Amino acid sequence: MTQTFPKTNRNRVKRLAERGHYDADVIYPIIDEALICHVSFMHDGQPFIIPTLHARDNDRILLHGSQANRMLRHLEAGGEVCIAFTLVDGLVIARSVFHHSINYRSAVVFGKGELIEGKEAQYQALEVFMDKFMPERWNDSRVPNEVEMVQTTIVSVPIESASAKVRVGPPKDDAEDFESPYWSGVLPFQASYGTPITDPTLKEGIEVPDYVRNYRLKRP
Ligand SMILES: Cc1cc2nc3c(=O)[nH]c(=O)nc-3n(C[C@H](O)[C@H](O)[C@H](O)COP(=O)(O)OP(=O)(O)OC[C@H]3O[C@@H](n4cnc5c(N)ncnc54)[C@H](O)[C@@H]3O)c2cc1C
């Protein structure tokens, strides 16, 4: 059965509420497709927001980085965060300036940090992380050694509450502008990866792996 996050004061979409979604079936694919997220938190009364990589492991978000990282130290101590994931699908070009918009899929998640401890759990989390970054790469690169593991903090944020907001379709001009002479429509946006550039220090004879050459954005 689809998991639905209850609507509360934290996650209820208020403006254009019909664009709001609360089902994990809508929210999780946005999280998975987003290459990065933005994590916001309070530290000594000051709000911060930090862009970072992420991966979703079932109902939790994994984040990782240097053990000196302030955001991770906040999460390691069980601190609260709000995380935003944003995908842009196109520019909506209306006849009127007022109705110009953007087609997008975005998700906002709330939760508290939990430190991932123990070698096995940490390696498992890093494997999930790498698999999101690039499938097949975990088994085709050197795994972290003990020193690297000590320098790395891995935390999870179990998703307590979440919402998605999605805009699709053409401009929503007012009927009285339909006869105006201005073009209107949608300019689709598509990000793509280019041709792989081999590291100049790479030992001779190592070909670009197929999983790199054929890597595509996770567009459904
Ligand atoms: C696309 C992307 C992916 C990233 N992925 C990761 C990741 O997976 N793990 C990870 O540890 N780090 C990641 N980073 C780096 C991350 O954004 C932070 O810079 C880092 O986590 C903490 O740096 P710090 O300790 O110097 O900053 P903090 O002590 O957290 O911040 C100090 C101040 O430095 C400034 N600052 C910090 N980071 C940035 C930034 N990115 N851009 C502009 N100003 C900044 C801000 O003013 C901030 O208040 C990523 C960055 C980007 C842009």
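Residue positions are given per chain, counted from 1 along the sequence in the order it is written. At least 70 in pLDDT is required for a residue's local features to be given in this predicted model, at least 80 for side-chain atom pairs to be given and counted, and no such filter applies to totals for whole chains, interfaces and linings, which use all residues. Side-chain figures throughout are based on the complete set of non-hydrogen atoms in the structure, without hydrogens or water.

### So, the site of the ligand
Heads up, the condition is: Definition of nearness: a residue and a molecule or strand are near each other if at least one heavy atom of the residue lies within 4 Å of the molecule or strand. Here a polar contact is recorded for every N or O atom pair within 3.5 Å, except that within protein the pair must consist of a potential hydrogen donor and a potential acceptor, and residues adjacent in sequence are included only if both atoms are side-chain atoms. Secondary structure elements follow DSSP: runs of H or I no shorter than four residues count as helices, runs of E no shorter than two count as strands, and numbering proceeds from the N terminus. All residues other than Ala, Val, Leu, Ile, Met, Phe, Trp, Tyr, Cys, Pro, Asp, Glu, Lys and Arg, Gly among them, are scored as polar; the first ten of these are nonpolar and the last four charged.
Around the ligand, a shell composed of Ile-36, Phe-48, Ile-50, Pro-51, Thr-52, Leu-53, His-64, Gly-65, Ser-66, Asn-69 and Arg-70 is seen. Between the ligand and Arg-70 there is a distance of 3.3 Å, counted from an oxygen atom to a side-chain nitrogen or oxygen. Residue assignment for the shell around the ligand shows that the elements contributing at least two residues are strand E3 (46-53) and strand E5 (60-66). Across the shell around the ligand, the residue classes break down as five nonpolar, five polar and one charged.

### Description of the pattern of salt bridges
Note the threshold: We define a salt bridge as a contact between a side-chain nitrogen of Lys or Arg and a carboxyl oxygen of Asp or Glu at a distance within 4 Å. Exposure classes here rest on a 1.4 Å probe applied to the protein chains alone. A residue is buried below 20% of its type maximum, exposed above 50%, and partly exposed in between.
If you walk through the whole model with that rule in mind, you get 11 salt bridges. The salt bridge involving Glu-33 is made with Arg-105; its shortest N-O contact spans 2.9 Å. Of this pair, Glu-33 sits in helix H1 (residues 24-33) while Arg-105 sits in strand E7 (residues 101-112), and the two are 72 residues apart along the sequence. For Glu-33, a relative accessible area of 15% puts it in the buried group.

### As for the layout of surface pockets
Counted only if it meets this: Points on a 1 Å grid over protein atoms alone make up a cavity when a 1.4 Å probe fits among them but cannot get out, and a pocket when they form an open set with protein on both sides within 12 Å along at least five of seven lines; lining residues each have an atom within 4 Å of a point. Grid points are joined across faces, edges and corners, and a volume is the space filled by probe spheres set on the points.
Approximately 620 Å³ is the volume found for the largest pocket. For the largest pocket, the lining is made up of 21 residues, of which Met-134, Pro-196, Ile-197, Val-208 and Val-212 are closest to its centre. Here the residues of the lining of the largest pocket sort into 12 nonpolar, four polar and five charged. The space that makes up the second largest pocket amounts to roughly 520 Å³. In terms of lining, the second largest pocket is formed by 21 residues, of which the most central are Glu-33, Leu-87, Phe-189, Ala-191 and Leu-217. Of all the elements in the fold, those that place two or more residues in the lining of the second largest pocket are strand E2 (36-43) and strand E6 (80-93). Per element, the largest residue contribution to the lining of the second largest pocket is six residues, and it comes from E6. A per-class count over the lining of the second largest pocket returns 12 nonpolar, four polar and five charged.

### What about the sheet that holds strand E4 (residues 55-57)?
Heads up, the rule is: Only strands joined by at least two bridges in the DSSP assignment are considered to pair. Any two residues whose heavy atoms approach within 4.5 Å are treated as being in contact. All axes here are fitted lines through C-alpha atoms, helices being fitted over the stretch that makes contact, and every angle between N-to-C directions spans 0 to 180 degrees.
Judged by pairing direction, the sheet is antiparallel, and its four strands sit side by side in the order E4-E5-E9-E8 without closing on themselves. Both edges of this open sheet fall to E4 and strand E8 (114-115), since each of them pairs with a single strand only. Here E8 pairs with strand E9 (residues 152-158) via two bridges, running antiparallel. Looking at the pairing, Glu-114 lines up with Ser-156 of E9. Here helix H3 (residues 119-133) sits on the sheet in contact with E4, E5 and E9, set at roughly 100° to E5.

### Thoughts on the environment of Gly-169
Along the polypeptide, Gly-169 turns up in the loop between strand E10 (161-167) and strand E11 (185-188). Distance from Gly-169 to Gly-90, taken between C-alpha atoms, is 9.5 Å for residues 79 residues apart in sequence. Contact partners of Gly-169, with chain neighbours within four places excluded, come to Val-92, Asn-103 and Val-186.

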